[in-house]
Structure formats: structure tokens, C-alpha cells
Amino acid sequence: MFSCKFQRFLLVFLTFIYISGNAQTSTDQKKQDKHAQLKTMIDSRYFQFHALSATSMKGRTVQLSSEYFLKMNKDSLDVDLPYYGRSYTADYPGTDVSVRFKSNQFTYSADSTKKGGWEITIIPKNESKANKINLSITSSGYCSMNISSNSRQAISYYGYIKEYDAR
């Protein structure tokens, strides 16, 4: 019937197809698991944004080497981010120009996007360093964040979403 070479070729080919299908399935499963984990964190308001870079309105990008973050813990917001940009008010010498504050008074809204990501808007109350925070999160967890203020130029950050770290 079939030659021995053809049978070996057929066996190798079918094995390759089987392995490729399983690899594809496990990759798809990992993506689905990651997406489900992100959805749970965002819906429960229990996540952390880890900043990798900051970009000012002038287009200057600074790679960040320290642990800069935005932490969302249900009803509390903890922000510690550097600021590079123009201020519209005079800062006293020696004052901290970074975007650093903690708040329990803010509004939070999260909407899903067509591509499986999320758009989150956080509006802190009674905070001069940030009056609006927008996060655009991809389905894989990468995130761009924009912080606007009445007293400063807006600034953007790029990083990723991870599980909340209480430290």
C-alpha cells in the first residue's frame, strides 16, 4: 500500500500538526487567563500600575528606574510618580514637584474597549497635583496613563498593570 518513507512522513506530519495545535491552545489559554485576571483586578479596584517611562507634553521621554506607581486598593488611591513638565504656578524652593498623594475621595469608572482592554477614569477630589487620571489598559496588561492638572501641563506614563502590592 504505502511505502515506508511515506508512512514515516505522514507520522511526522501528523505529530507536528498535533503539537502545533496543543501549543496554540496553551498560548490562547494563557492569554485568556491573563485577561480574566486583569478583569478581576479592574472590576474589584485592586491593582497597581507600575511606571516604566514618563513623557512630558514637550515630548521628552524619561526611562524610570525606581518603583513609581499608582496603587488602587478598593476605596483608596496611592500615587507616587515623578513629574517632568511645566508648572503654571510658582513652586516654593525645596517643595516636592512629583505627583505624590493618597486619597480616599475620588470617582472611578472603568469601561471595556472593543479590543478587550479597558479605559479607566479616576477623578481625585481636593487634589491639586492631579484632577483627572486616565488609564488605557490593553488586554495583555500594558498601560498608558495620562495625568492632568489645573496647575501643570499634563504628563503621560507608560507601564503595566500588576497585582496590588501592599508595600
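Please read all numbers here as calculations on a predicted model, not as lab measurements. (Residues numbered from 1 in each chain as written. Predicted model: local features only at pLDDT ≥ 70, side-chain atom pairs only at ≥ 80, totals over all residues. Heavy atoms only, no water.)

A.B. asks: Where do I start with the overall build of the protein in this structure?
C.D. replies: Along the backbone of the protein there are one helix and 10 strands. Going from the N terminus to the C terminus, the protein shows its helices and strands as α-β-β-β-β-β-β-β-β-β-β. A burial count over the protein gives 33% of its 167 residues as buried. Relative to all contacts within the protein whose residues are 6 or more apart in sequence, the contacts with residues 24 or more apart total 48%. (Helix = DSSP H or I, 4+ residues; strand = E, 2+ residues; numbered from the N terminus. Buried < 20%, exposed > 50% of the residue type's maximum accessible area, 1.4 Å probe, protein only. Contact = heavy atoms within 4.5 Å.)

A.B. asks: Whenever I open this one, the packing of aromatic side chains confuses me. Can you help?
C.D. replies: A ring pair, where both rings are aromatic, is described by two values, the distance of the centres and the angle of the planes. In total, this model carries two aromatic pairs according to the counting rule given. On the basis of an interplanar angle of 0 degrees and a centroid distance of 6.4 Å, the ring pair of Tyr142 and Tyr158 is categorised as stacked. Taken together, the residues Tyr142 in strand 9 (residues 142–148) and Tyr158 in strand 10 (residues 155–163) connect sequence positions 16 residues apart. Given a relative accessible area of 39%, Tyr158 falls into the partly exposed group. (Phe/Tyr/Trp six-rings, centres within 6.5 Å; stacked < 30°, edge-to-face > 60°.)

A.B. asks: Help me understand the side chain of Ser53 in this model?
C.D. replies: The residue Ser53 is located in strand 1 (residues 46–56) in this model. In this structure Ser53 comes out as buried when scored by relative accessible area, which is 9%. Ignoring sequence-local partners within four residues, the contact set of Ser53 consists of Thr61, Val62, Gln63, Leu64, Ser156, Tyr157 and Tyr158.

A.B. asks: Help me understand unusual backbone geometry, please; the structure alone is not making it clear to me.
C.D. replies: Even without a glycine there, the phi angle at Arg45 is positive, about 60 degrees. Considering the arrangement of structural elements, one finds Arg45 in the loop between helix 1 (4–44) and strand 1. You can call Arg45 partly exposed: its relative accessible area is 25%. Look at Asn126: it is not a glycine, yet its phi comes out positive at around 55 degrees. With respect to the helices and strands, Asn126 occurs in the loop between strand 7 (118–124) and strand 8 (132–137). Overall, the relative accessible area of 74% leaves Asn126 in the exposed class.

A.B. asks: Would you take a moment to explain the pattern of salt bridges for this structure?
C.D. replies: Pairing between side chains of opposite charge can happen when their charged atoms approach one another. For the structure on display, the rule yields two salt bridges. For Asp43, the salt bridge is made with Lys39, and the minimal N-O distance between the two is 2.7 Å. Of this pair, Asp43 and Lys39 both sit in helix 1, separated by four residues, roughly a single helical turn. Owing to a relative accessible area of 40%, Lys39 belongs among the partly exposed residues under this scheme. Here Asp80 makes a salt bridge to Arg100, at a shortest N to O gap of 3.0 Å. Taken together, the positions of Asp80 in strand 4 (residues 76–81) and Arg100 in strand 5 (residues 99–103) put the pair 20 residues apart, joining distant regions of the chain. You can call Asp80 buried: its relative accessible area is 18%. (Salt bridge = Lys/Arg side-chain N within 4 Å of Asp/Glu carboxyl O.)

A.B. asks: Whenever I open this one, the nonpolar core confuses me. Can you help?
C.D. replies: Nonpolar side chains in soluble globular proteins tend to end up buried together. Membership of the largest hydrophobic core comes to 32 residues, with the highest contact counts inside it found for Ile133, Leu135 and Tyr157. A per-element tally of this core places strand 1 first, with four residues. In this structure, Leu135 is in contact with Phe49, Trp118, Glu119, Ile120, Ile122, Cys143, Ser144, Met145 and Ile161, ignoring residues within four places of it in sequence. (Core = buried A, V, L, I, M, F, W, Y, C linked by side-chain atoms within 4.5 Å.)

A.B. asks: Help me understand the pairing of strand 3 (residues 69–73), please; the structure alone is not making it clear to me.
C.D. replies: Within a regular strand, side chains alternate between the sheet's two faces. Of all five residues in strand 3, four are buried, a share of seventy percent or more. As judged from the five bridges shared by strand 1 and strand 3, these two strands associate in the antiparallel manner. In the sheet register, His50 faces strand 3, and the bridge partner there is Phe69. The hairpin turn running from strand 3 into strand 4, its antiparallel successor, is two residues long, and Lys74 in that turn takes a positive phi close to 55 degrees. (Pairing = 2+ DSSP bridges.)

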